[in-house]
Amino acid sequence: MLFSYLAHRQACYDKQRERAERIASLPKIYHEPLSAQDKQILSQPVSSIVASVQTSSLHPSDVLTAYAKRALQAHAQTNCLTEIMIAPAERWARDATRSGPLAGVPVSLKDLLAVKGYDSCIGYSALSGKPLNCDGALIRLLRDAGAVPYVKTNVPLTMLSFEATNDVFGVTENPHKKGYSSGGSSGGESALLALGGSRIGVGTDVAGSVRAPSHYSGVYAIKSSMHRFLKAGSVSSIPGQEGVPATHSPMAKTLEDLETFWRAVFQMKPWEYDYSVLNIPWREVKLPVDRPLRWGVLWDDGVVAPTPACLRALKMVTEVLEKNGHEIVTLNPPSPYEGLQIASQLLLADGGKTASKPFRMIPAFRALRLPRFVMKVYAWYLRYIRRDPIYAGLVENFYEKDVAEYYALIARREDYRARWFKVWRDTDVEGGLGNKGVDFVLTVPNALPAVPHKGMRHGWKACGYTFIFNLLDYSAGVMPITRVKSTDTLPKSFRARNSIERENYRMYDAAAMEGLPIGVEVVGRRLEEERVLEGMKLIERLMKGAGLAYTGFLCDANA
């Protein structure tokens with residue numbers, strides 16, 4: 001144990017020193033304040049940058065300089081970066097394809113994405129100092145499209161948390177408020193995007209890992225369905241886990257940039273780079289104009305009700321939609337709690353062994369290794385003494401599954417998906433004009449805004465608003481709507497329904513959280529990324545028309 005501890009501490013020290021040295025050794029220009037040209041470049045949407053590079057009115061090296069400088073400033077504020085690839089990116093920028101759909105555009109990457117010559121240790125000290133020997137499929141596509149990868153971003157250890165923290169790289173701060181999480185597992189990415197150190201990046205999502213960071217940090221993302229976006233070559237904390245689809249998904253500073261990136265990637269025919277990508281070109285989707293859209297709202301997942309701030313954001317959107325002639329109905333879907341039960345068991349069906357294997361210190365998920373009778377006794381105590389059947393129903397299933405049990409869970413997943421299918425076709429809804437199904441599902445990305453550091457001790461149990469849509473393999477986007485106000489206080493009559501809700505609400509403090517972003521989640525069916533994007537665009541347009549547009553960070557004039 002002592003040897004493992006010393007090896008762990010040495011590896012963490014070496015990795016942080018390597019990062020610091022790579023930053024310090026960069027040419028002087030990267031450590032200077034932003035110039036007028038830098039600010040002008042940073043203010044342009046991705047489409048404008050591409051057009052300027054393609055017409056030779058802007059050089060990719062100038063674009064890289066602006067974004068690298070801003071990325072280093074964002075890192076100094078939030079500790080969001082892991083691998084600093086700016087030095088070789090200078091060469092990549094000089095050689096970048098000037099005619100590609102992403103010509104000259106710097107792209108940031110979650111740490112797990114494979115770049116030749118760089119680690120993808122994803123917070124495990126045992127995986128540091130082991131640079132990969134080839135680029136992943138996405139990196140090859142990006143370079144062929146003219147893009148310039150330049151930094152990688154921080155993640156939580158195991159990548160199964162909504163807080164980006166690990167011993168190797170440290171804690172990533174929320175870009176809006178120090179002391180709060182930027183989200184996870186793509187939390188370094190969301191912090192960098194929010195501060196303008198990148199306009200487009202790529203994360204992954206298995207329980208909300210691009211959507212929760214977007215919600216916490218005030219940026220945009222669309223979680224793809226399985227086999228829609230490239231993933232080959234990337235590192236994983238649970239390789240082979242497919243019970244709950246984990247997908248690579250784009251993130252962006254603005255919705256316009258998000259659309260530009262999706263279209264550019266599909267212009268490159270990603271199925272020719274990655275065997276796992278379905279040959280489905282980008283489709284032009286037009287939402288119905290001859291009838292109102294029907295938005296089914298999931299107001300409460302039955303585990304943790306949305307806090308007043310998050311509920312206010314959701315109501316802002318539904319009210320604007322209704323005022324513009326759209327129909328808002330309350331969903332009565334298959335139990336979200338049942339989905340959380342199934343998804344949590346499938347994700348860690350191996351008892352957490354795979355994700356814990358690289359640990360040098362005490363492994364994660366220790367509760368999953370306790371004797372099963374201990375967990376049964378604890379579940380009995382929760383259910384009958386504490387009168388908490390919700391938490392008991394999760395705890396009693398915390399154990400390693402055998403093959404037969406795993407097959408049974410897959411069968412339950414498929415039955416659950418079949419029942420949710422009716423939501424889109426012929427579901428019963430409250431307040432609806434007949435039995436017509438819905439066009440979109442609308443809900444909160446999480447019951448809380450960004451939580452304080454170390455809040456994931458309890459916060460992970462409240463991931464149902466995102467996790468169930470991974471289980472269902474639905475396309476789902478998150479977009480910022482507003483910010484927490486000090487007046488978003490809990491009513492005095494509030495009483496927690498279960499211990500999960502109680503522990504999560506203990507972290508909620510509207511006065512302390514004031515200014516943190518709040519988003520909404522727009523959900524479509526499987527492989528409906530284009531349609532979800534159109535739904536998000538509609539909401540953004542209507543919110544802007546109502547004078548309620550979200551405003552993110554503007555580049556600091558003194559930066």
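Calculation notes
- Residues numbered from 1 in each chain as written.
- Predicted model: local features only at pLDDT ≥ 70, side-chain atom pairs only at ≥ 80, totals over all residues.
- Heavy atoms only, no water.
- Helix = DSSP H or I, 4+ residues; strand = E, 2+ residues; numbered from the N terminus.
- Rg over C-alpha atoms; globule rule 2.2 N^0.38 Å.
- Contact = heavy atoms within 4.5 Å.
- Areas by Shrake-Rupley, 256 points an atom, 1.4 Å probe, with all protein chains shown as cover.
- Buried < 20%, exposed > 50% of the residue type's maximum accessible area, 1.4 Å probe, protein only.
- Polar contact = N/O pair within 3.5 Å; in protein donor to acceptor, adjacent residues only side chain to side chain.
- Phe/Tyr/Trp six-rings, centres within 6.5 Å; stacked < 30°, edge-to-face > 60°.
- Lys NZ or Arg CZ within 6 Å of the ring centre and 35° of its normal.
- Salt bridge = Lys/Arg side-chain N within 4 Å of Asp/Glu carboxyl O.

Draft legend 1. Molecular detail of the overall build of the protein chain. Helix and strand counts for the protein chain stand at 20 helices and 14 strands. A compact globule built from 559 residues should have a C-alpha radius of gyration of about 24 Å, and the protein chain, at 23 Å, falls within 12% of that. A principal-axis box enclosing the C-alpha atoms of the protein chain has dimensions of 65 × 65 × 50 Å. Here the contacts in the protein chain between residues at least 6 apart in sequence split such that 80% fall between residues at least 24 apart. As presented, the protein chain carries roughly 21600 Å² of accessible surface, and 54% of it is formed by carbon and sulfur atoms.

Draft legend 2. Molecular detail of the side chain of Ser209. With respect to the helices and strands, the residue Ser209 is situated in the loop between strand E6 (200-205) and helix H8 (211-217). A relative accessible area of 3% means that Ser209 is categorised as buried. One polar contact links Ser209 to Ser185, side chain to side chain, over a distance of 3.1 Å. Those residues within four positions of Ser209 in sequence are excluded, and the remaining contacts are Lys110, Met159, Gly184, Ser185, Ser186 and Thr204.

Draft legend 3. Structural context of the environment of Val155. Summarising the element assignment, Val155 is placed in the loop between strand E3 (148-153) and strand E4 (165-166). Classification of Val155 as buried rests on a relative accessible area of 1%. On a C-alpha basis, the gap between Val155 and Glu322 in space is 39 Å, while along the polypeptide they are 167 residues apart. When neighbours within four sequence positions are excluded, Val155 is seen to be in contact with Lys110, Asp111, Ile122, Gly123, Ala164, Thr165, Asn166 and Ser185.

Draft legend 4. Just the packing of aromatic side chains, in detail. A complete count under the given rule lists 16 aromatic pairs for this structure. For the ring pair Tyr124 and Phe359, a centre distance of 5.7 Å and an interplane angle of 80 degrees mean the geometry is edge-to-face. With Tyr124 in the loop between strand E2 (106-110) and helix H6 (137-144) and Phe359 in the loop between helix H12 (353-356) and helix H13 (372-385), this pair connects stretches of sequence that are 235 residues apart. Taken together, a centroid distance of 6.4 Å and an interplanar angle of 15 degrees make the contact between Tyr378 and Tyr381 stacked. On the criterion of helical spacing, the pair formed by Tyr378 and Tyr381 is a turn pair, its members being three residues apart in helix H13. Residue classification places Tyr378 among the partly exposed residues on the basis of a relative accessible area of 35%. One aromatic cluster in this structure is built from Phe229, Trp262, Phe266, Trp271 and Trp282. If you follow Arg372 out to its NZ or CZ, it ends over the ring of Tyr399, 3.6 Å from the centre.

Draft legend 5. Highlighting the side chain of Ser224. Mapped onto the fold, Ser224 is located in the loop between strand E7 (220-223) and strand E8 (247-252). On the basis of relative accessibility, which here comes to 0%, the residue Ser224 falls in the buried class. Residues contacting Ser224, with those up to four places away along its chain left out, are Phe229, Thr247, His248, Ser249, Trp262 and Glu529.

Draft legend 6. Representation of unusual backbone geometry. Cis geometry is found at the peptide bond from Gly184 to Ser185, where omega equals 5 degrees. Backbone geometry places His227, a non-glycine residue, at a positive phi of 75 degrees. Classification of His227 as partly exposed rests on a relative accessible area of 33%. Phi angles above zero are rare outside glycine, and Lys269 is one such case at about 55 degrees. With respect to the helices and strands, Lys269 occurs in the loop between helix H9 (255-267) and strand E9 (294-297).

Draft legend 7. Fine view of the pattern of salt bridges. In this structure the tally under the stated criterion is 35 salt bridges. Glu414 is the salt-bridge partner of Arg417, the closest N and O atoms lying 3.1 Å from each other. Taken together, the residues Arg417 and Glu414, both in helix H15 (residues 403-425) and three residues apart, mark about one turn of the helix. Note on Glu414: relative accessible area 36%, which makes it partly exposed. In the salt-bridge network here, residues are joined through shared partners; they are Lys15, Glu18, Arg22, Glu83 and Asp119.

Draft legend 8. Highlighting the environment of Val148. With respect to the helices and strands, the residue Val148 is situated in strand E3. Expressed as a C-alpha distance, the spacing of Val148 and Ser61, which sit 87 residues apart in the sequence, is 9.6 Å. Each residue touching Val148, except ones within four places of it in the same chain, is listed here: Leu64, Ala89, Trp92, Ala93, Ala96, Gly104, Val105, Pro106 and Val107.

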